[in-house]
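Okay, here's what each chain looks like letter by letter:
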Amino acid sequence: MRIIAFAGSPSKNSINKKLATYAAGLFENAEVEILDLNDYQMPLFSVDIEAEIGQHELAKVFLAKIESADFLVVSLAENNGNYSAAFKNVYDWCSRIIGKVFQGKPMLLMATSPGARGGATVLEIAKNAFPRYGADIKATFSLPSFDGNFDIINTRISNQNFDVELKEIIKSISL
């Protein structure tokens, strides 16, 4: 099974990338590739720029990565109660090429944040929107208070209850 995992954040120290990487590594017998949104920087999407340059090559590359996956692990950063601008821009460019950006792929959709709500708002937005764009969401997971519940040295969830919850989710959706 080939897993493509990414965080909806361009931060070099993205807590969502740490969570996505950890979760993807829990799948047994999987080949995992972690994408970095910084590798897909494009001009801010507008129909005027699209008319000028056409479909952006980096959007095509991102979509090819999605196509190559058997399973997606996505952890979204919450910026002011919504997607990060970096993720939304990649999403916008890609949706102009393939409306069903996620191409029917099964997905574990997650979010984390430093706060007690764990990105709950962006998770809810994505949970409702992504299926219209081709995501087959198998499960969702939110990790609240990242700094207190994730061990960055050992790159794992340190809170036993949350760790067991995520492992049970993955066990229940493993292909």
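See the structure shown above.
Just so we're clear, the structure is a prediction, and the values are computed from it rather than from any experiment.

### Thoughts on the packing of aromatic side chains
One pass over the full model with this rule turns up 16 aromatic pairs. Ring geometry for tyrosine 22 and phenylalanine 150: centres 6.1 Å apart, planes at 85°, overall edge-to-face. Residue tyrosine 22 is located in helix α1 (residues 15–25), and its partner phenylalanine 150 is located in strand β6 (residues 150–151); the two are separated by 128 residues in the primary sequence. Across the pair, phenylalanine 150 and tyrosine 22 agree in class, each one buried. With a centroid separation of 5.1 Å and an interplanar angle of 80°, the aromatic rings of tyrosine 40 and phenylalanine 62 are classed as edge-to-face. A residue pair is termed long-range when its members are at least 10 positions apart, and tyrosine 40 in the loop between β2 (31–35) and α2 (47–53) and phenylalanine 62 in helix α3 (residues 57–68) qualify at 22 residues.

### Section: the pairing of strand β3 (residues 71–76)
Most of β3 is tucked away: six of the six residues are buried. Across the two faces of β3 the burial is the same, with Phe71, Val73 and Ser75 and Leu72, Val74 and Leu76 all buried. Pairing geometry for strand β1 (residues 2–7) and β3, over five bridges, is parallel. Bridged to isoleucine 3 within β3 is phenylalanine 71.

### Focus: α3
Compared with the 16 Å implied by 1.5 Å per residue over twelve residues, the 17 Å span of α3 between its first and last C-alpha is a close match. Contact partners of the buried residues in α3: β1, β2, β3 and α4 (85–95).

### Points about the nonpolar core
The nonpolar side chains of a soluble globular protein tend to be buried with one another. Of all hydrophobic cores here, the largest spans 32 residues; its most connected members are Phe6, Phe62, Leu76, Tyr83, Phe87, Phe102 and Phe130. Elements supplying a minimum of two residues to this core: β1, α3, β3, α4, β4 (106–112) and α5 (120–129). Of the residues forming this core, the biggest block, five residues, is contributed by α4. If we skip the residues at most four places from it in the chain, phenylalanine 130 touches Leu76, Tyr83, Phe87, Tyr91, Phe102, Met107, Leu109, Ala135 and Ile137. Grouped together as the second largest cluster of nonpolar side chains are 23 residues, Tyr22, Phe27, Leu108 and Ile170 included.

### Side note on the environment of isoleucine 98
Relative to the helices and strands, isoleucine 98 resides in the loop between α4 and β4. On the accessibility criterion, isoleucine 98 (30% relative accessible area) is partly exposed. Placed 67 residues apart in sequence, isoleucine 98 and glutamate 31 show a C-alpha to C-alpha distance of 25 Å. Setting aside its immediate chain neighbours within four residues, isoleucine 98 contacts Leu63 and Gln103.

### A short note on the sheet that holds β4
The strand order across the open sheet built from five strands is β2-β1-β3-β4-β5, with neighbouring strands paired in parallel fashion. Edge positions in the sheet fall to β2 and β5 (136–143), since each has one partner strand and no second. Strand-to-strand twist of the sheet, defined as the mean angle between neighbouring strand axes without regard to direction, takes the value 20°.

What counts and how
- Residues numbered from 1 in each chain as written.
- Predicted model: local features only at pLDDT ≥ 70, side-chain atom pairs only at ≥ 80, totals over all residues.
- Heavy atoms only, no water.
- Phe/Tyr/Trp six-rings, centres within 6.5 Å; stacked < 30°, edge-to-face > 60°.
- Helix = DSSP H or I, 4+ residues; strand = E, 2+ residues; numbered from the N terminus.
- Buried < 20%, exposed > 50% of the residue type's maximum accessible area, 1.4 Å probe, protein only.
- Pairing = 2+ DSSP bridges.
- Expected span 1.5 Å × (residues − 1).
- Contact = heavy atoms within 4.5 Å.
- Core = buried A, V, L, I, M, F, W, Y, C linked by side-chain atoms within 4.5 Å.
- Axes fitted to C-alpha atoms, helices over the stretch in contact; angles between N-to-C directions.

Functional significance is not addressed by these values, which are geometric in nature.
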